Amino acid sequence: MAESFNPAGYEISRALITTVNGTTVDMKEFIIGLEISQSINSNFYGTMHILENLNYLEGTPLRGEEKLDLEIEMFDTGLKVELKLQIFSISNITPNRMNTGSTYTASFISRTSYDGGNRRVKTAYKNKSVKQIVQEVFEDYVSDLGNADYLDPNDRSRVLTYATARYNILNERVRDLYIQPTEGLIDVIMPSLMPDDAFRFLSKRAMNTDTPSHTFRWFETIYGYYFVTDEYLIKEAVEAEDNDNIKELFYAPNASNLPDDPSLAINRINNFSIGERGTNSAKSMLSGAYAVKTVELDIVNGTFREKNYKVQDASFIDMSGRQVSIDRLPHSQEYIDTKFTEENAREFLVLKDTQGPNDRAMSLRSDANNGEIAAMRTFYDQHLNSTSVGISMSGRLDLSPGTIVNVNIPVFATTDLVEDNNLSGKYMIKSSSHSFKNGRASASFNLVKFGWS
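Residues numbered from 1 in each chain as written. Predicted model: local features only at pLDDT ≥ 70, side-chain atom pairs only at ≥ 80, totals over all residues. Heavy atoms only, no water.

A. Structural context of the overall build of the protein chain. When you go through the protein chain residue by residue, the secondary structure sums to nine helices and 25 strands. Computed over its C-alpha atoms, the radius of gyration of the protein chain comes to 24 Å, within 12% of the 22 Å expected for a compact globule of 453 residues. By the burial criterion, 50% of the 453 residues in the protein chain qualify as buried. Once local pairs closer than 6 in sequence are excluded, the contacts in the protein chain between residues at least 24 apart make up 66%. Approximately 21,300 Å² of the protein chain is accessible, and the part contributed by carbon and sulfur atoms is 46%. Across the protein chain, the 46 positively charged side chains and the 61 negatively charged ones have centroids separated by 4 Å. (Helix = DSSP H or I, 4+ residues; strand = E, 2+ residues; numbered from the N terminus. Rg over C-alpha atoms; globule rule 2.2 N^0.38 Å. Buried < 20%, exposed > 50% of the residue type's maximum accessible area, 1.4 Å probe, protein only. Contact = heavy atoms within 4.5 Å. Areas by Shrake-Rupley, 256 points an atom, 1.4 Å probe, with all protein chains shown as cover. Lys, Arg positive; Asp, Glu negative; His and termini not counted. Charge placed at Lys NZ, Arg CZ, Asp CG, Glu CD.)

In structure tokens, the structure reads:
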């Protein structure tokens, strides 16, 4: 009988801990567990569980202020990941029963994020685009950057979608910062924010009319930092699919695990669950998924106006890059027209201190379009999260938040149909958790997609 193929195999080939005074110890032989968590809404972080009897904890000593250079090699895809990390906590210290050793947990984040987290942004920026401010904040408070590069690092003949700029992070070299262009110039005073909070503060003020969701995000994965919209992530996946490079996953618990077809073992979803499927009408009403009203207070001219937005006026794209129409949303058009009205629309108060097209000439900056941004972000975010599934797989450290994957889900019923056309399709990875324990690598993902299609 042929031997089984093990997609969960991995090796921690390096785990060097360096103290402030320069003492270095290699902990790779003492690691009994490792977890790394990532999300499109935050920076990545992780924990390393150690069992040792050489008294590194007190003898070195370890104080929760050490650098960690970690290298992981995956046997499924041949991927090797090198991470420059900073330990910020040593906890859960437990001596063994013979009192000859102990277990403890070291918590870490990326070294770049840790260094940037030691400062607060208190700078004023005048008459600059959000993109410019993001770049300047990163260089002034986080790390020096290389020159802007607009080409795909894996295909130098292709320009990154929306002319997104890629900057190499000079103190890491293997990771990059991606910044998508924004429109308009703003004046802003940073109210003593940590750098990551400053980037998220700016993401709420960023706009690009080519990306109607206006969902600029700031997040960090083990592969880099991103200040981009979902449209950028989707369009990049469309380009990857055109080049046959999109990730294809499928749910089939009984699929082959033999070495003559290792791709089945690598791409197979072991466990699958449906979190939401877009059919919670009460939540849709309260969240403003279909109707939004903005009340704009013009503090310059002393006026106010109301504006109503409906989801059918939006022009979003789904995970496949196609424009979403109302007939592909979870609720029927008749239900949407009769139940989601101006009377029960979710309301936003918008303060305006800018000059719009109908205002008298004044020395004010152009309209920031905060009302439209609030409405479109609300519509998009609610529908993006209205269809969510959870999956788990073996290995797959190459899959990270922001990645678009194509998922094949069978029909869960006795029928002639093989594939569930509503659940199957392209999803965005919203969050991931990777675990390395007892010689096996596993990963769980939360996947979301816009619409019921």
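B. Inspection of the packing of aromatic side chains at higher detail. According to the stated counting rule, one finds 14 aromatic pairs in the structure shown. It is Arg 205 that lies over the ring of Phe 201; its NZ or CZ is 3.7 Å from the centre. (Phe/Tyr/Trp six-rings, centres within 6.5 Å; stacked < 30°, edge-to-face > 60°. Lys NZ or Arg CZ within 6 Å of the ring centre and 35° of its normal.)

C. Region of interest: helix H5 (residues 230-242). Taking 1.5 Å as the rise per residue, H5 with 13 residues should run 18 Å; its terminal C-alpha atoms sit 18 Å apart, in good agreement. Taken together, the buried positions of H5 are Asp 230, Glu 231, Tyr 232, Leu 233, Ile 234, Glu 236, Ala 237 and Ala 240. Two residues or fewer past H5, Asp 244 is found with a positive phi of approximately 60°. (Expected span 1.5 Å × (residues − 1).)

D. Fine view of the pattern of salt bridges. Scanning the model with the defined rule gives 19 salt bridges in all. Between Asp 152 and Arg 158 there is a salt bridge, with its nearest N and O atoms 2.9 Å apart. Among the residues examined, Asp 152 registers a relative accessible area of 12% and is labelled buried. Where salt bridges share partners, they join Asp 149, Arg 156, Arg 166 and Asp 176 into one cluster. (Salt bridge = Lys/Arg side-chain N within 4 Å of Asp/Glu carboxyl O.)

E. Structural context of the sheet that holds strand E14 (residues 217-221). Spatial ordering of the open sheet is given by E11-E12-E15-E14, a layout of four strands whose pairing is mixed. The open sheet is flanked by strand E11 (165-168) and E14, the only strands paired with a single partner. For this sheet, the mean angle separating the axes of adjacent strands, direction not counted, is 15°. Note: strand E12 (residues 176-179) against strand E15 (residues 224-228), four bridges, orientation parallel. Within E15, the position partnered with Asp 176 by the bridge is Gly 224. The sheet strands contacting helix H3 (residues 130-141) are E11, E12, E14 and E15, and the helix crosses E12 at an angle near 160°. (Pairing = 2+ DSSP bridges. Axes fitted to C-alpha atoms, helices over the stretch in contact; angles between N-to-C directions.)

F. Representation of the pairing of strand E6 (residues 80-95). In the sheet, strand E5 (residues 67-74) pairs with E6 via seven bridges, with the strands oriented antiparallel. Residue Ile 72 lies in a different strand from E6, and its bridge partner there is Val 81. Remark: five residues form the turn of the hairpin made by E5 and E6, two consecutive strands paired antiparallel; Gly 78 in that turn has positive phi of roughly 75°. Sheet topology note: the E6/strand E7 (residues 102-110) ladder contains eight bridges and is antiparallel. Paired with Ile 90 across the bridge in E7 is Ala 106. In this structure, the hairpin formed by E6 and E7 is closed by a connection of six residues, where Asn 99 is found at a positive phi of approximately 60°.

G. Structural view of the side chain of Thr 161. The topology assignment puts Thr 161 in the loop between strand E10 (155-159) and E11. Residue class for Thr 161 comes out buried when judged on its relative accessible area of 12%. With sequence-adjacent residues up to four places away left out, Thr 161 is seen in contact with Tyr 232, Lys 235, Glu 236 and Glu 239.

H. Representation of the side chain of Thr 60 in the model. By the secondary structure assignment, Thr 60 is in the loop between helix H1 (56-59) and E5. Side-chain polar atoms of Thr 60 contact the backbone oxygen of Tyr 56, separated by 2.8 Å. Apart from the residues within four sequence positions on either side, Thr 60 is in contact with Thr 19, Thr 23, Val 25 and Asn 55. (Polar contact = N/O pair within 3.5 Å; in protein donor to acceptor, adjacent residues only side chain to side chain.)

I. Broad picture of the environment of Trp 218. With respect to the helices, strands and loops of the structure, Trp 218 is situated in strand E14. It is 15 Å that separates the C-alpha atoms of Trp 218 and Ile 429, two residues lying 211 residues apart in sequence. With sequence-adjacent residues up to four places away left out, Trp 218 is seen in contact with Ile 40, Asn 41, Ser 42, Asn 43, Phe 138, Leu 177, Asp 196, Phe 199, Arg 200, Tyr 225, Tyr 226 and Phe 227. Of note is the side chain of Trp 218, whose polar atom sits 2.9 Å from the side chain of Asp 196.

J. Structural context of the packing of H3 against helix H4 (residues 195-203). At a minimum axis separation of 10 Å, H3 and H4 run at an interaxial angle of 180°. When the axis of H3 is compared with that of H4, the two are roughly antiparallel. Packed against H3, whose contacting residues are Val 130, Ile 133, Val 134, Val 137, Phe 138 and Tyr 141, the element H4 presents Pro 195, Phe 199 and Leu 202 at the interface. Per-class residue counts for the contact of H3 with H4 are nine nonpolar, no polar and no charged. (Parallel < 35°, antiparallel > 145°, perpendicular 65-115°, else oblique. Nonpolar A, V, L, I, M, F, W, Y, C, P; charged D, E, K, R; others polar.)

K. Region of the structure containing the environment of Val 188. Of note, Val 188 is situated in strand E13 (residues 186-189). A relative accessible area of 9% places Val 188 in the buried class. Ignoring any residue separated from it by four or fewer positions in sequence, one finds Val 188 in contact with Thr 123, Ala 124, Tyr 125, Ile 133 and Phe 201.

So, to be careful, I would describe these as geometric facts and stop short of saying anything about function.
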